[in-house]
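Here are the chains, one letter per residue:
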Amino acid sequence: MKYKVIEEYDRFYLTVHPKGYKENFPKYKYQPDENGYITVKSETNYFGGKALPSGKVNRSFIK
């Protein structure tokens, strides 16, 4: 996702998403590109199509 930097503070960047909501990012972790955008990769552990092993399923909720 791309966020446009609208204001720079001492410790973070204030950004706006194309959908309109605002979010801030720490300076030590993110750097804007030459056009003033911060690109963030989505962090997910789901690889898709893989079921949980039966040992990890909580059986107390399954009826």
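Residues numbered from 1 in each chain as written. Predicted model: local features only at pLDDT ≥ 70, side-chain atom pairs only at ≥ 80, totals over all residues. Heavy atoms only, no water.

(A) Representation of the pairing of strand 2 (residues 12-16). Side-chain alternation along strand 2 places Tyr13 and Thr15 on a buried face and Phe12, Leu14 and Val16 on a face that remains uncovered. Direction of pairing for strand 1 (residues 2-8) relative to strand 2: antiparallel, over a ladder of four bridges. For Val5, the partnering residue across the bridge sits in strand 2 and is Thr15. Pairing between strand 2 and strand 3 (residues 22-26): five bridges, direction antiparallel. Within the sheet, the bridge partner assigned to Phe12 lies in strand 3 and is Pro26. What sits between strand 2 and strand 3 in their antiparallel hairpin is a turn of five residues, with Gly20 showing a positive phi close to 115 degrees. (Buried < 20%, exposed > 50% of the residue type's maximum accessible area, 1.4 Å probe, protein only. Helix = DSSP H or I, 4+ residues; strand = E, 2+ residues; numbered from the N terminus. Pairing = 2+ DSSP bridges.)

(B) Geometry of the side chain of Thr15. In this structure, Thr15 sits in strand 2. A polar side-chain atom of Thr15 sits 2.7 Å from the main-chain carbonyl oxygen of Glu23. Apart from the residues within four sequence positions on either side, Thr15 is in contact with Tyr3, Lys4, Val5, Ile6, Tyr21, Lys22, Glu23, Phe25 and Ile38. (Polar contact = N/O pair within 3.5 Å; in protein donor to acceptor, adjacent residues only side chain to side chain. Contact = heavy atoms within 4.5 Å.)

(C) Here's a closer look at the sheet that holds strand 2. Spatially, the four strands line up as an open sheet ordered 3-2-1-4, and their pairing is antiparallel. With one partner strand each, in any of the chains shown, strand 3 and strand 4 (37-39) form the two edges of the open sheet. Within this sheet the neighbouring strands show an average axis-to-axis angle of 45 degrees, counted without direction. (Axes fitted to C-alpha atoms, helices over the stretch in contact; angles between N-to-C directions.)

Spatial relationships are all this shows, so hold off on functional conclusions.
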